[in-house]
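Fold and geometry: a report
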Amino acid sequence: MNDETPMRQKAMQAAAGATPMMAQYIEIKTANPDSLLFYRMGDFYELFFEDAEIASAALGIVLTKRGKHLGEDIQMCGVPIHAANDYLNKLIRLGHRVAICEQMEDPAEAKKRGSKSVVRRDVVRLVTPGTLTEDDHLDARSANYLAALAMVRHGETDFALAWADISTGETFVSDLAADQLGDEMARIAPAELLLSDATRAALVERHLFAPAWGGIASIIAPELADSEAALPLLRSSFPSEAFDPSALSRAGRAALGALIGYVGESQKGRSAPLRPPLINAASASMAIDAATRSSLELLITQRGQAKGSLRQAIDLTVTAPGARLLATRLAAPLRRADAINERLDAVSRLVEDTLLRGRLRRDLKSAPDLARALSRLALERGGPRDLAAIGKAVGAALELAQHLRAQPDLPSILDSLTQTLGAAPQALASELAAALDDELPLLSRDGGFIRPGYDARLDEERALGRETRAVVAALQARLMDETDVRSLKIKHNGVLGYFVEVPAAHGQKLLEAPHRETFIHRQTLANAMRFTTTELADLEGRIAQAQGAALEIEQAIFTRLRDETLAATSQLQGLAGALAELDVTAALAEVSATRGYCRPIVDDSLAFAISGGRHPVVELMVKSEGQSFVANDADLSGSEESGGGSLWLVTGPNMGGKSTFLRQNALIAVLAQMGCYVPADSAHIGVVDRLFSRVGASDDIAHGRSTFMVEMVETAAILNRATRKSLVVLDEIGRGTATFDGLSIAWAAVEALHETTGCRALFATHFHELTSLAKTLSRVANVTMKVREWEGEVVFLHEVGPGAADRSYGIQVARLAGLPAPVIARAKQVLDVLEQRSAGTASSSQKASVLDDLPLFAHQPPPAPKGKDPVHEALDAVRPDEMTPRQAIDALYQLKKLRDDASRS
Ligand code: ADP
Ligand code: MG
């Protein structure tokens, strides 16, 4: 930062009248204006001024005052060190950034420079939502991405997005067209988005800046996103031969440079172990825009919950890294048939071999989160447990490789996983196992984590420490004898160190001869007196020395083990990736095998033929309620020659199962292309390049956001972006406006999809008029959700069959929903007339008598005719008091039979 900035000058003036400590505070705060400053003072992090007000309100902690500054009270609040993580977590979740400022020297050192001198302090880390690494702050089963968006204006504007999870080291960079930005951001869902003011302004101007991005945006200095300056930075950050930063686009370099620069700044020089970036992965995956993602509830439901999402339904992974990879794959199904089939081959092998699958899953369970442990170690935040986790993961990898090696003819993915797992650094694991004790502290700071027997010098110092402690006990016994004070104790505390303590009543005795020769008075308390002796002071020195020496040795061992581990970083990261991939493969196999899924045929055709398809999430729900899910076929297959895929118009009553049917087919495409079996008896799918799913306004009103306008904007996006290879699912589009508008728009949309796009499509609608399109458009077919009517009630069969529904059954559904009987009856009257009128058969007098006869309840419609229900009649005849149990059972069977007969007639 430039020393001459006005802010700096102002701060200097402000600091001029301050105490030395306040001056230091103000200087550090000025250098970190966008963060709350956690200023270390002894066992607390203190916050001052405005920071204190913000934090006390956000955390619900007391706001106090500490002295005055420029004549005004200084607001202050603090959090104790031991609880700082919780508070930090809360602040980050609320969207704050925190700068951690530590004491950089022992306060005793500062005192040596004079009584007024201040302990040296410095910011050691910026904590922001995108740069978290501690388990306390992270969801173990979700990635935490930091993203940087850069723009290069060279005539055409190019964008690039770089993103990384610094807790695992995974790094990506992608060039994006303007219309891909939203899709990619929705897929990655970063915790923090870096961009310069200029980039933001350009996005806003072009209506590309989604409102949700405001909450995660961190504005960075333009220098940080400079495509030229990025080159040397990228070369030094990724020295690996395999990655050549000059091959990136300018925008790509700028974005990745900004990301690396920001990570460096926030970690204050410690380098996060970022892996060489994966480039342009976006083009390898099925394009799924934000609206489709949310409507299909891939990772979370539209209400923001995990429960009810596809992810939750199929996530049977047994490790956290596996769960993260599964989510990543679910969010980015592949687009190349050969890559998809490779994954399916691997899954298929584990579907067939139940024994192997079980074995792998059992061993995977014991593999800790290697990548996150490694990141913490690299950022000097790791402890003994992280080292142990790495050793354990390596051990698990070798076990797994054993199981796999015993298998003949492994499919290519499993084969290469076996290679990677088998090459795990065994020597490192053995070394870690030998060095680290069974019970480990979180931090290396206090020692006590090296196994006895590992280091002779350490054992010696520890023994010395133990011995001297025995000597202390002996000394206590001797002093007790000499003074004849039975209650004499040798104790230890942080202030006095070791001391002799006797009850107050005996204190006087030790102050007098002959004991005063031995005992040196230290402290008098209300009921005790404390002394030291030269011998005790001497012993204390030896104990402290032994402890210090032991601690030093442990620290040295820790540093060595850490360095040895970090030397294998890239190999270990590869291993972490292999473990996660094996977990995902085995988990998908488990889902596939246990839920009766089938392996889809995936190729480059325009096929989409599903027989006996089910909805992976609704099926689980329906089954958990003890009912069965009705499987349905779909065939949207087409060919280039015939002009593309088919479009099915799905009609049927509300609650008939239209939405479920539509979504299940979209989800089957997602599952197939992520490399999973699908819930169906058989499936043949030509790779889908883009998937679109839209729900009309009526279904989305609860969301508050969806107006007819939004619906139309989204429909426009589909019509503009879908290709022949896309799959489009439109659920009741056109509902949000007057009937004729909506109908006309839906009509035109169907025509356009059929004539221009030629994509495979499912279109659910309550506009029955649309069904006549099947007569003129060759690849349009009508299907309907079957219902059965019985005594004026509808029974939903959830079965898809050919044909078109002639009615919406809205009134029946209204009755099921509990609308009062008179309203239902009146609605029926109105409907009859409206239907006759549109058919041209209603006489004007009929209209007058029914429709003009308002208000609605001026005349009560006749009560619903009392049906002569045989079941009721039989029930009335039953006299429970007079029946034997046997007769009661017979009567029950009789009643059921009556009901069944009635429903058949
Ligand atoms: P629609 O869109 O036609 O109004 P939905 O698809 O929302 O109908 O389905 C309504 C409910 O019916 C679902 O919540 C589900 O419980 C049930 N359902 C739908 N399809 C099936 C099916 N194939 N098998 C069993 N139950 C189903
Ligand atoms: Mg619906």
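Above this note sits the structure.
About the criteria used
Residues numbered from 1 in each chain as written. Chains lettered and ligands numbered in written order. Predicted model: local features only at pLDDT ≥ 70, side-chain atom pairs only at ≥ 80, totals over all residues. Heavy atoms only, no water. Helix = DSSP H or I, 4+ residues; strand = E, 2+ residues; numbered from the N terminus. Buried < 20%, exposed > 50% of the residue type's maximum accessible area, 1.4 Å probe, protein only. Contact = heavy atoms within 4.5 Å. Pairing = 2+ DSSP bridges. Axes fitted to C-alpha atoms, helices over the stretch in contact; angles between N-to-C directions. Phe/Tyr/Trp six-rings, centres within 6.5 Å; stacked < 30°, edge-to-face > 60°. Lys NZ or Arg CZ within 6 Å of the ring centre and 35° of its normal. Near = heavy atom within 4 Å. Polar contact = N/O pair within 3.5 Å; in protein donor to acceptor, adjacent residues only side chain to side chain. Nonpolar A, V, L, I, M, F, W, Y, C, P; charged D, E, K, R; others polar. Parallel < 35°, antiparallel > 145°, perpendicular 65-115°, else oblique.

Some details on the environment of Leu432
When you line up the elements, Leu432 lands in helix α18 (residues 426–435). Judged by relative accessible area, which is 2%, Leu432 ranks as buried. Taking the C-alpha atoms as reference points, Leu432 and Glu564, 132 residues apart in sequence, are found 9.9 Å from one another. Contact partners of Leu432, with chain neighbours within four places excluded, come to Leu387, Ile390, Gly391, Leu561 and Thr565.

Here's the deal with the sheet that holds strand β19 (residues 608–613)
Spatially, the four strands line up as an open sheet ordered β18-β22-β19-β20, and their pairing is mixed. Edge positions in the sheet fall to β18 (601–603) and β20 (632–635), since each has one partner strand and no second. Adjacent strand axes in the sheet meet at a mean angle of 10 degrees, parallel and antiparallel pairs treated alike. Along the sheet face, helix α24 (residues 658–674) touches β18, β19, β20 and β22 (682–686) and points at about 110 degrees away from the line of β19.

Digging into the packing of aromatic side chains
Throughout the structure, instances matching the rule amount to 12 aromatic pairs. Taking 6.2 Å as the distance between ring centres and 80 degrees as the angle between the ring planes, the aromatic pair formed by Tyr145 and Phe172 counts as edge-to-face. With Tyr145 in the loop between β6 (121–127) and β7 (146–154) and Phe172 in strand β9 (residues 170–176), this pair connects stretches of sequence that are 27 residues apart. According to the relative accessible area criterion, Phe172 is buried, its value standing at 13%. Ring geometry for Phe238 against Phe243: centres 5.3 Å apart, planes inclined by 80 degrees, an arrangement best described as edge-to-face. Taken together, Tyr25, Tyr39, Phe48 and Phe49 form an aromatic cluster joined through their ring pairs. Of note, Arg40 hangs over the ring of Tyr45, and the distance from its end group to the ring centre comes to 5.7 Å.

Some thoughts on the site of ligand 1
Surrounding ligand 1, one finds Ser628, Phe629, Val630, Pro653, Asn654, Met655, Gly656, Gly657, Lys658, Ser659, Thr660 and His798. Measuring from an oxygen atom of ligand 1, one finds a backbone N or O atom of Met655 at 2.6 Å. If you tally residues by element for the shell around ligand 1, the top one is α24, at three residues. Of the residues contributing to the shell around ligand 1, the split by class is four nonpolar, seven polar and one charged.

Here we look at the packing of helix α12 (residues 320–331) against helix α22 (residues 569–594)
Relative placement of two packed helices is described by the angle separating their axes and the distance separating the axes. With their axes 8 Å apart at the nearest point, α12 and α22 run at an angle of 70 degrees to one another. With respect to α22, the element α12 is oriented roughly perpendicular. Where α12 abuts α22, its residues Pro321, Gly322, Leu325, Leu326 and Arg329 lie against Ala580, Glu581, Asp583, Val584 and Leu588.

Quick look at the sheet that holds strand β2 (residues 44–48)
Judged by pairing direction, the sheet is mixed, and its six strands sit side by side in the order β3-β4-β2-β1-β5-β6 without closing on themselves. Lying at the two open borders of the sheet, with one neighbouring strand each, are β3 (64–69) and β6. On average, each strand axis in the sheet is inclined to that of its neighbour by 35 degrees, with strand direction left out of account. Alignment of β2 against strand β4 (residues 72–80), held across five bridges, turns out to be antiparallel. Its bridge partner lying in β4, Phe44 is registered against Pro80.

Honestly, that's just the spatial picture; any functional story needs more than this.
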